[in-house]
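Listed below, chain by chain, are the residues.
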Amino acid sequence: MSPYAFSKKTDEYLAKLYYDLYGLKTIGLRYFNVFGRKQNPYSEYSAVIPKFIKAILKGEEITINGNGEQSRDFTYIDNVIEANLKACISDEDAAGQVFNVAFGQNTSINELYKLISIFLDKKTKVNYGPERKGDIKNSLADIEKTKKILKYNPKYSIKDGLEKTVEWYIKNLNLKIASAKNTMANANEIGVMKTDIGIILNVPSTLTTIGMLIPAIINKDCFEKKPEVFPEAFII
């Protein structure tokens, strides 16, 4: 287990402990490789999809670690938004539990590059570098529990999401991106609603600058009756 994975698991244990000891109703959501519009492609810690899109659009070379056959369960942002809202209005039996948020389909990095190239109708040179130490070969989420208890029904496959994402980048990538603001771009799109249950969201924080993600514990008292945009002030 990597230090990153260990920190995530520790967060889940801590939230469950607060639920068991103090009755703080929490839900853990495990996001799998979230992607979509407004991700900053210029950051050192950018995700692979915005990096690939930027490189192909600008004719820059791409470096893939290893042979490119490692796979991930890429999850379009609108699927994540649905999961968050479903968690907010879920039944009591969801409290204290952890759920995978993904599409339930894995895609290799090589396949990912090919799909992006197709949607952009453009290719670039691909170089293959050494494997990253500790890198997981394949990642595929089991979302049956999330479907059953949270009534989660992801509508956007990797192809659906990439088509929408590429369309957004084609329209917006040439605009000047304020990287400091865009570290919170996806988090600010995640709406939350007042509910009788709190929720744990793994979202980018100010620690994104050192490549970390930490959870925010959100209690039902944080919000008014109207749906609110997730506030940065609640990141811990």
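For the structure itself, consult the block above.
Residues numbered from 1 in each chain as written. Predicted model: local features only at pLDDT ≥ 70, side-chain atom pairs only at ≥ 80, totals over all residues. Heavy atoms only, no water.

For the pair helix α4 (residues 109-120) and helix α6 (residues 158-172), the least separation of the axes is 10 Å and the interaxial angle reads 50°. With respect to each other, α4 and α6 are oriented oblique. You can see that α4 and α6 cross each other, and the crossing is right-handed. Taken together, the residues of α6 that come into contact with α4 (itself represented by L112, L115, I116, F119 and L120) are I158, K159, L162, E163, V166 and I170. (Axes fitted to C-alpha atoms, helices over the stretch in contact; angles between N-to-C directions. Helix = DSSP H or I, 4+ residues; strand = E, 2+ residues; numbered from the N terminus. Parallel < 35°, antiparallel > 145°, perpendicular 65-115°, else oblique. Left-handed = near helix turned anticlockwise from the far one by under 90°. Contact = heavy atoms within 4.5 Å.)

In this structure, L29, I49, F52, L112, I116, L150 and L162 are the most contacted members of the largest nonpolar core, which totals 39 residues. The set of elements that each furnish at least two residues to this core consists of β1 (27-31), α2 (48-58), β3 (62-65), α3 (77-88), β6 (97-101), α4, α5 (144-150) and α6. With sequence-adjacent residues up to four places away left out, I116 is seen in contact with I49, F52, I53, I56 and L162. (Core = buried A, V, L, I, M, F, W, Y, C linked by side-chain atoms within 4.5 Å. Buried < 20%, exposed > 50% of the residue type's maximum accessible area, 1.4 Å probe, protein only.)

So, about the pattern of salt bridges. Under the definition given, this model contains 12 salt bridges. A salt bridge links E12 to K9, with the shortest nitrogen-to-oxygen separation between them at 3.7 Å. Residue E12 and its partner K9 are both found in helix α1 (residues 3-22); the two are separated by three residues, about one turn of the helix. Take E12: its relative accessible area is 16%, and that puts it in the buried class. Accessibility expressed as a relative area gives 29% for K9, which makes it partly exposed. E60 is the partner of K58 in a salt bridge, and the nearest nitrogen-oxygen pair spans 3.8 Å. Look at the salt bridges and you will find they share partners, linking K9, E12 and R30 into a network. (Salt bridge = Lys/Arg side-chain N within 4 Å of Asp/Glu carboxyl O.)

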